[in-house]
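Residues per chain are reported as follows:
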Amino acid sequence: MTEQIRKILKEHARLAQDAHTLAEDADLYQAGMTSHSSVNVMLALEGEFDLEFPDSMLKRSSFESIAAIRSAIEELSR
Amino acid sequence: MMRVGIDLVRVSRIAESLEQFGARFLNRVFTAGEIAYASAAPALTTERLAARFAAKEAALKALGLAGRGVGWRDIEVLHGAVGPELRLHGAAAQAGAVELALSLSHEGDYATAIVITQLAFTRTGIAA
């Protein structure tokens, strides 16, 4: 799952560094992701993992790192 | 207390989202009224959507809601008689705003929005 997340971040997050070398707990907003690119990341994650983020999860912390995205997906997949 | 929020959006990025995600992007972020208003001026549709996206982000900042889990459609831009206005729904409507003012602008590839609000109460632990 982490590799899929990294691939989506590489395509949609517009990070200043390669998403494949980013630490799992690195702050994606500090790495260059804007609020708008986080929407693209969210939509791409929904397509990739066939899920839908509810409004209650549309907060900054849900998408702030690779680890945070992974736990959000795991929570939605339960 | 008074709070202010500002956001700046590149119009071309909104165009890319529309190309990549189409109706999913449109319907997730914008209300039917916002889509209708933007679509009414085909030459300005993307600029209007970009300014509205900036307004939603500026409102999240002003209201201190970035860390709270609010859908974008819960912050709606209406086209009032004297210009754009904000209407809050759902969780955004619970943020304590007693006054809200919005100003939008776009030029070339950039759209921006400023929101000023008067909050009836303050919260702690806001990660705006």
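Structure: above.
All of the points below concern the structure found in this document. (Residues numbered from 1 in each chain as written. Chains lettered and ligands numbered in written order. Predicted model: local features only at pLDDT ≥ 70, side-chain atom pairs only at ≥ 80, totals over all residues.)

Take the overall build of chain A next. Broken down by element type, chain A carries three helices and zero strands. When the helices and strands of chain A are listed from N to C terminus, the series reads α-α-α. In terms of overall size, chain A behaves like a compact globule, its C-alpha atoms giving a radius of gyration of 11 Å where 78 residues would be expected to give roughly 12 Å. Overall, chain A is about 30 × 20 × 20 Å in size when its C-alpha atoms are taken along their principal axes. For chain A, long-range pairs separated by at least 24 residues make up 56% of all intrachain contacts whose partners lie at least 6 apart in sequence. (Helix = DSSP H or I, 4+ residues; strand = E, 2+ residues; numbered from the N terminus. Rg over C-alpha atoms; globule rule 2.2 N^0.38 Å. Contact = placed C-beta atoms within 7 Å.)

Taken together, the contact pairs 20 residues of chain B with twelve residues of chain A. Where the side of chain B that touches chain A is concerned, the elements lending two or more residues are α1 (11-21), α2 (23-29) and α4 (45-63) of chain B. Counted by class, the side of chain B that touches chain A contains eight nonpolar, six polar and six charged residues. (Nonpolar A, V, L, I, M, F, W, Y, C, P; charged D, E, K, R; others polar.)

Okay, the packing of helix α2 (residues 35-49) of chain A against α1(B) next. For the pair α2(A) and α1(B), the least separation of the axes is 10 Å and the interaxial angle reads 5 degrees. With respect to their mutual orientation, α2(A) and α1(B) come out roughly parallel. Where α2(A) approaches α1(B), its residues His36(A), Val39(A), Asn40(A) and Leu43(A) are matched on the opposing element by Arg13(B), Ser17(B), Gln20(B) and Phe21(B). The residue inventory of the contact of α2(A) with α1(B), partitioned by class, reads three nonpolar, four polar and one charged. (Axes fitted to C-alpha atoms, helices over the stretch in contact; angles between N-to-C directions. Parallel < 35°, antiparallel > 145°, perpendicular 65-115°, else oblique.)

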